[in-house]
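This is what each chain is made of:
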Amino acid sequence: MTHARNFVVAVSGASGVIYGVRLIAALLEQQMTVTTILSHAGVKVLAHEMGYDPETGFHPFLKEYGVNPELLSHLSVFSQEEIAAAPASGSFRHDGMVVVPCSMKTLAGAAAGYADNLITRACDVTLKERRKMILVPRETPMNLIHLENMVRLTRAGAVILPASPSFYSFPDTLDALVDTVVARIMDHLGVDQTRMPRWGE
Ligand SMILES: Cc1cc2nc3c(=O)[nH]c(=O)nc-3n(C[C@H](O)[C@H](O)[C@H](O)COP(=O)(O)O)c2cc1C
């Protein structure tokens with residue numbers, strides 16, 4: 001089966017790394033190719049919140065999480081310091097980038113065009129190439145600097161899609177609650193999703 005479209009999913013060091021993990025799993029399940037970038041802080045939060053062991057690696061972690069091992073051949077994983085990796089270049093073709101969860105530091109880097117690691121460089125490139133750029137903050141409350149950075153990114157063409165789960169589908173598990181956000185991200189990427197029923201259907 002061909003994995004037609006390629007998405008970049010960056011996991012930075014904000015709380016809520018499960019949003020990133022479940023998005024990656026959902027995109028792979030929909031036969032998409034995924035290029036993941038993990039920040040150093042993202043790895044720490046993955047370890048803290050989801051028991052991720054960096055020694056074992058991300059592919060085995062996703063397998064353990066329940067992702068079909070056959071789909072994992074469509075996943076590449078880079079660390080933030082791999083600044084020469086494909087997503088650092090505008091010539092790398094992809095169909096959209098998501099930073100999920102997006103820390104306020106990575107948000108600030110993206111808003112300022114301060115491309116000091118592979119995540120912020122890939123954000124900068126995605127925006128300059130006018131590709132779909134989605135940032136998923138979970139910070140609360142927000143200060144004026146956070147809000148102004150979001151305005152700046154919105155003006156530059158990004159979509160700010162806060163990790164604000166919804167309740168009208170009566171999610172009864174943590175995964176179902178997380179998937180209310182994952183489903184909104186997938187809608188914005190134009191990828192079919194079956195994780196959450198649509199209102200009115
Ligand atoms: C368990 C944990 C949770 C964190 N949650 C957040 C958060 O929700 N939002 C945020 O902006 N930073 C959060 N931080 C702090 C960031 O990890 C820190 O600012 C880091 O420098 C971000 O780096 P990065 O953007 O390169 O991943 C958290 C850190 C830890 C250890």
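The sections below set out a description of the structure shown in this document. All of these numbers come straight from a predicted model, not from anything done at the bench.

Thresholds, definitions, all that
- Every chain is numbered independently, its residues counted from 1 as its sequence is written.
- Under the rules for a predicted model, residues below a pLDDT of 70 receive no local features and side-chain atom pairs below 80 are neither given nor counted, while totals for whole chains, interfaces and linings still include all residues.
- Here a helix means four or more residues in a row that DSSP labels H or I, a strand means two or more in a row labelled E, and each is numbered from the N terminus.
- Only C-alpha atoms enter the radius of gyration; for comparison, a globular chain is expected to reach 2.2 Å times N to the power 0.38, where N is the number of residues.
- Remark: C-beta atoms are placed from the backbone, and a residue is labelled buried if 20 or more other C-beta atoms sit within 10 Å of its own, exposed if 12 or fewer do, or partly exposed between those counts.
- Throughout, a pair of residues is in contact if the C-beta atoms placed from their backbones lie within 7 Å.
- Fitted lines through C-alpha atoms give the axes, limited to the stretch in contact for helices. The angle between two N-to-C directions lies from 0 to 180 degrees.
- For classification, angles of less than 35 degrees are called roughly parallel, those exceeding 145 degrees roughly antiparallel, those between 65 and 115 degrees roughly perpendicular, and all remaining angles oblique.
- Take the far helix as the reference: if the near one is turned anticlockwise from it by less than a right angle, the crossing is left-handed, and if turned clockwise, right-handed.
- Ten residue types, Ala, Val, Leu, Ile, Met, Phe, Trp, Tyr, Cys and Pro, are classed as nonpolar, four, Asp, Glu, Lys and Arg, as charged, and the remainder, Gly among them, as polar.
- In this entry, near means the residue's backbone-placed C-beta atom lies within 6 Å of the molecule or strand.
- By convention the nonpolar core is taken to be a set of buried residues drawn from Ala, Val, Leu, Ile, Met, Phe, Trp, Tyr and Cys and joined through C-beta atoms within 7 Å.

Section: the overall build of the protein chain
Link 1 in the chain: A count of helical and extended segments in the protein chain gives 7 helices and 6 strands.
Link 2 in the chain: Each helix (α) and strand (β) of the protein chain, taken in turn from the N terminus, gives the series β-α-β-α-α-β-β-α-α-β-α-β-α.
Link 3 in the chain: Relative to the compact-globule value of 17 Å for 201 residues, the protein chain shows a C-alpha radius of gyration of 16 Å, a close match.
Link 4 in the chain: Dimensions of the protein chain along its principal axes, counting C-alpha atoms only, are 40 × 35 × 35 Å.

A word on helix α4 (residues 104–112)
Link 1 in the chain: Taken together, the buried positions of α4 are occupied by Thr106, Leu107, Gly109, Ala110 and Ala111.
Link 2 in the chain: If you follow the buried residues of α4, they end up packed against β4 (97–102), α5 (118–128), β5 (133–137) and α6 (144–155).
Link 3 in the chain: A positive phi of about 70 degrees marks glycine 113, the residue just after α4.

Digging into the packing of α4 against α5
Link 1 in the chain: The geometry of α4 relative to α5 is characterised by a closest axis approach of 9 Å and an angle of 40 degrees between their N-to-C directions. Relative to α5, the element α4 is oriented oblique. Relative to α5, the crossing made by α4 is right-handed. Contact residues: Thr106, Gly109 and Ala110 in α4; Ile119, Thr120 and Cys123 in α5.
Link 2 in the chain: The residue makeup of the contact of α4 with α5, split by class, is 3 nonpolar, 3 polar and no charged.

With respect to the site of the ligand
Link 1 in the chain: By nearness alone, 16 residues border the ligand, and Ser12, Gly13, Ala14, Ser39 and Ala41 come closest of all.
Link 2 in the chain: Of all elements in the fold, only α2 (40–50) and α4 reach the threshold of two or more residues within the shell around the ligand.
Link 3 in the chain: Looking at the shell around the ligand element by element, the count peaks at 5 residues for α2.
Link 4 in the chain: The residue inventory of the shell around the ligand, partitioned by class, reads 4 nonpolar, 8 polar and 4 charged.

Regarding the nonpolar core
Link 1 in the chain: With 57 residues, the main nonpolar core has Val9, Leu23, Val98, Val100, Val136 and Ile185 as its most contacted residues.
Link 2 in the chain: The element that contributes the greatest number of residues to this core is helix α1 (residues 17–29), accounting for 10 residues.
Link 3 in the chain: Apart from the residues lying within four places of it in its own chain, the contact partners of valine 98 are Phe7, Val9, Leu23, Ile134, Val136 and Ile185.

Take it as geometry only, folks, not as evidence of what the structure does.
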